[in-house]
Amino acid sequence: MTAAAHRRIPATVWERRKIEAMSRIQRVALDLFDEYGYREVTVERVAAAAGVSPSSVYRYFGTKEMLVLYDEADPQLLDVLRTAGDGETLDPEALLAVARPLVPVMIAALITEDPERIARRLRYVHAFPEVRDGQTRQMRELEEQFGLLFAERCGRDPNDLQVRMVASTAIWGGVAALDHWAGRGFAGSLSEIYTAAVEAIIEALAAILR
């Protein structure tokens, strides 16, 4: 097994179609929000414009806020953690050593869409408190999933303090990178910002695990 071993689990046809459908509906929603205003556009209007039923939108996204917040990169990031090092149980330091060479893979997973689309979404996060609150809930859920998976990969208790610190640093460090980009008016390369952020996160995780 090489240090950078990573087996990507192929998506099923159903999973690919679901991702494609959700991405298409999200693009329709963002176009409507841009033209008519976020609060003025209902889920029913998005569904009609996307050619699907309102129940399908709710089944895919759950809430109106998630039409903005949905990010297909989230499961891909968890997939990197799940399969790095051939999925073997490793001590935390060894798992981190496996993760270091995978930074380019992580960046590719984070930026799966056009940066302008990410910027459009972030503008709504910063403009509407309910969307910002939705992002907080979304990130807390992702933090929990990351912590459970990290604990499983390392044979640790999910409530282990180091595990919780690792999950929090990893997820909220990514949010900080996006907020930094938004604070710069979305100037500069998002890929470069993410690369610097992920490298800093890995250094912070190494310090936590010492």
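Residues numbered from 1 in each chain as written. Predicted model: local features only at pLDDT ≥ 70, side-chain atom pairs only at ≥ 80, totals over all residues. Heavy atoms only, no water.

A closer look at the layout of surface pockets
Once rolled over the atoms, a probe with the size of a water molecule shows which space is left empty. Approximately 160 Å³ is the volume found for the second largest pocket. In terms of lining residues, the second largest pocket is bounded by Arg140, Glu143, Glu144, Gly147, Leu148, Pro158, Asn159, Val163, Arg164 and Ala167. Elements with a contribution of two residues or more to the lining of the second largest pocket: helix H9 (129-154) and helix H10 (161-183). Considering every element that reaches the lining of the second largest pocket, the biggest residue donor is H9, with five residues. A breakdown of the residues in the lining of the second largest pocket according to their chemical character gives four nonpolar, two polar and four charged. (1 Å grid on protein atoms, 1.4 Å probe; cavity = no way out; pocket = protein on both sides within 12 Å on 5 of 7 lines; lining within 4 Å. Points joined across faces, edges and corners; volume = space filled by probe spheres on them. Helix = DSSP H or I, 4+ residues; strand = E, 2+ residues; numbered from the N terminus. Nonpolar A, V, L, I, M, F, W, Y, C, P; charged D, E, K, R; others polar.)

So, unusual backbone geometry
With a phi close to 60°, Asp86 is a non-glycine residue in the positive phi region. In this structure, Asp86 sits in the loop between helix H5 (73-83) and helix H6 (92-99). For Phe186, which is not glycine, the phi torsion reads 65° and is therefore positive. As for its position among the elements, Phe186 is in the loop between H10 and helix H11 (190-209).

Looking at the packing of helix H7 (residues 103-110) against H11
Remark: H7 packs on H11, axes separated minimally by 10 Å, with the N-to-C direction vectors making an angle of 130°. Accordingly, the angle class assigned to the pair H7 and H11 is oblique. For the pair H7 and H11, the sense of crossing is right-handed. Along its contact with H7, which presents Val103, Met106, Ile107 and Leu110, the element H11 presents Ser191, Tyr194, Thr195, Val198 and Ile202. Among the residues making up the contact of H7 with H11, the classes are represented as seven nonpolar, two polar and no charged. (Axes fitted to C-alpha atoms, helices over the stretch in contact; angles between N-to-C directions. Parallel < 35°, antiparallel > 145°, perpendicular 65-115°, else oblique. Left-handed = near helix turned anticlockwise from the far one by under 90°. Contact = heavy atoms within 4.5 Å.)

Examining the packing of aromatic side chains
We describe a pair of aromatic rings using the distance from one ring centre to the other and the angle between the two ring planes. A complete count under the given rule lists eight aromatic pairs for this structure. Consider the rings of Phe33 and Tyr38, whose centres lie 4.9 Å apart with planes at 70°: the pair is edge-to-face. Note on Phe33: relative accessible area 2%, which makes it buried. Relative accessible area serves as the criterion here: at 2%, Tyr38 is assigned to the buried category. Ring geometry for Phe33 against Tyr124: centres 5.9 Å apart, planes inclined by 65°, an arrangement best described as edge-to-face. Of this pair, Phe33 sits in helix H1 (residues 13-36) while Tyr124 sits in helix H8 (residues 115-127); the two residues are 91 residues apart in sequence, bridging distant segments of the chain. With respect to class, Phe33 is no different from Tyr124; both count as buried. Grouped by ring-pair contacts, the aromatic residues Phe33, Tyr38, Tyr124 and Phe128 constitute a single cluster. Across from the ring centre of Tyr60, 5.6 Å away, lies the NZ or CZ of Arg59, which sits over that ring. Positioned above the aromatic ring of Tyr38, the side-chain terminus of Lys64 is 4.4 Å from the ring centre. (Phe/Tyr/Trp six-rings, centres within 6.5 Å; stacked < 30°, edge-to-face > 60°. Buried < 20%, exposed > 50% of the residue type's maximum accessible area, 1.4 Å probe, protein only. Lys NZ or Arg CZ within 6 Å of the ring centre and 35° of its normal.)

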